[in-house]
Each structure stands twice: as C-alpha cells, then as structure tokens.
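Commentary on secondary and tertiary structure
Chain by chain, the residues:
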Amino acid sequence: QAKPAQTPDIQAILAGNAAVNQRDFAKAVESYTDAIRLNAKNPTAYLNRGVVYRLQGKTTEALKDFASVLSIEPKNEGAYMQMALTHTQMKQPDEAFKDYGKVLELDPQALAAYMNRGLLYRAVGQPEKAIADFSKLIELKSDAAGAYIARGLTYEMMQKYEEAVTDYTQAI
C-alpha cells in the first residue's frame with residue numbers, strides 16, 4: 001500500500017527537524033518558516049520554530065511562536081510547556097508557574113511539568129511546593145529515580161536528613 005504523499009508544509013517541517021538533529025539551527029528556522037508560509041495554520045511549524053528560537057536564546061521570538069500555536073490550538077500542552085521553559089530561561093518564574101499550571105490543567109499526569117515546576121520552586125526558595133510536585137510525580141511514576149533524587153536534595157536543603165537519605169536510597 002502506497003503512503004499518502006506528504007504535503008509541502010510537512011516536508012518543510014521534516015527538513016527543519018533534520019536540520020535540528022544536525023544542530024543547524026539557521027537552516028531549521030528557515031525550513032519551519034517555509035512551512036508556515038505554506039500553511040499558516042500548522043501549529044507544529046510554529047512550535048518547532050519556537051523551540052529552536054528558545055535554544056538560540058531568542059526568547060521573544062519563541063514566545064510569539066508559542067502564542068501562534070495557542071491561537072490555532074488553544075489546548076496545546078506542548079506550547080504551554082515550551083512557554084514555561086522560555087519564561088524560566090528569562091528568569092520570569094511567576095509566568096513559568098502559570099504556564100506549568102496550564103500544562104497540568106490540560107494533562108494532570110504530565111510528569112515533566114511536575115519535575116520542572118518542582119525544580120523551579122526549589123530554585124526560588126519554595127521547598128515545600130517543590131516537595132509536593134516531586135511527591136506527585138513519584139505517586140504517578142513510582143520508579144522515577146530523578147524525582148527521588150530531586151526530592152532528596154530538597155529535603156537536604158531543608159535539613160531533613162532522614163527523609164533525604166530515604167529518597168536517595170529509593171533512587172538507587
């Protein structure tokens with residue numbers, strides 16, 4: 001059975017993905033921009049270009065692309081996750097917390113959102129909230145060694161050494 005022909009915008013996205021894999025970000029942006037020119041309603045092109053912009057430190061451009069994704073697909077959890085990462089990169093934790101909240105509203109089992117939000121809570125001096133997020137992640141995925149380590153480090157910061165040792169042991 002023959003595969004359906006790929007549309008030109010999908011071909012451009014695939015070319016962009018290949019360029020990202022080769023770490024050729026300029027070529028990736030060019031390919032994703034071509035995809036957008038070919039189909040301005042393709043959220044993947046905006047999302048992928050936004051990720052490349054974020055990786056390049058072009059945070060304003062990245063946020064514009066993620067907003068474009070949300071104008072096409074208001075419940076695109078990936079766009080909110082990327083916005084959270086971008087706001088974190090921009091040292092805007094309050095915005096990032098809102099974005100992570102939206103991810104978790106859309107998918108209460110988004111493990112990466114619990115981990116990243118927990119790490120951010122810890123970084124801004126809110127260890128109790130960090131512990132809550134790491135604990136939720138562990139509840140959802142009991143073999144999440146990284147969550148045990150993150151929670152253990154947070155307990156250690158709080159000078160709760162017994163809990164820290166328990167988590168470190170669980171991680172092994």
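These notes cover the structure that comes with them. (Residues numbered from 1 in each chain as written. Predicted model: local features only at pLDDT ≥ 70, side-chain atom pairs only at ≥ 80, totals over all residues. Heavy atoms only, no water.)

**As for the overall build of the protein chain**
Just so we agree on the cut-off: Helix and strand definitions here come from DSSP, where helices need a minimum of 4 consecutive H or I residues and strands a minimum of 2 consecutive E residues; each element is numbered from the N-terminal end. Accessible area is worked out with a 1.4 Å probe on protein chains only. A residue is then buried under 20% of its type maximum, exposed over 50%, and partly exposed in between.
When helices and strands are counted, the protein chain shows 10 helices and zero strands. Listing each helix as α and each strand as β along the protein chain from the N terminus yields α-α-α-α-α-α-α-α-α-α. Principal axes of the C-alpha set define a box for the protein chain whose edges measure 60 × 40 × 30 Å. Taken over 172 residues, the protein chain has a buried fraction of 42%.

**Focus: the pattern of salt bridges**
Note the cut-off: Basic side-chain nitrogens of Lys or Arg form a salt bridge, by our definition, when they fall within 4 Å of a carboxyl oxygen of Asp or Glu.
Considering all chains together, one arrives at nine salt bridges under this definition. A salt bridge links D34 to R37; the shortest N-O distance between them is 2.3 Å. In this pair, D34 and R37 both sit in helix α2 (residues 25-38), three residues apart, roughly one turn of the helix. A residue is classified by how much of its surface remains accessible, and D34, at 28% relative accessible area, is partly exposed.

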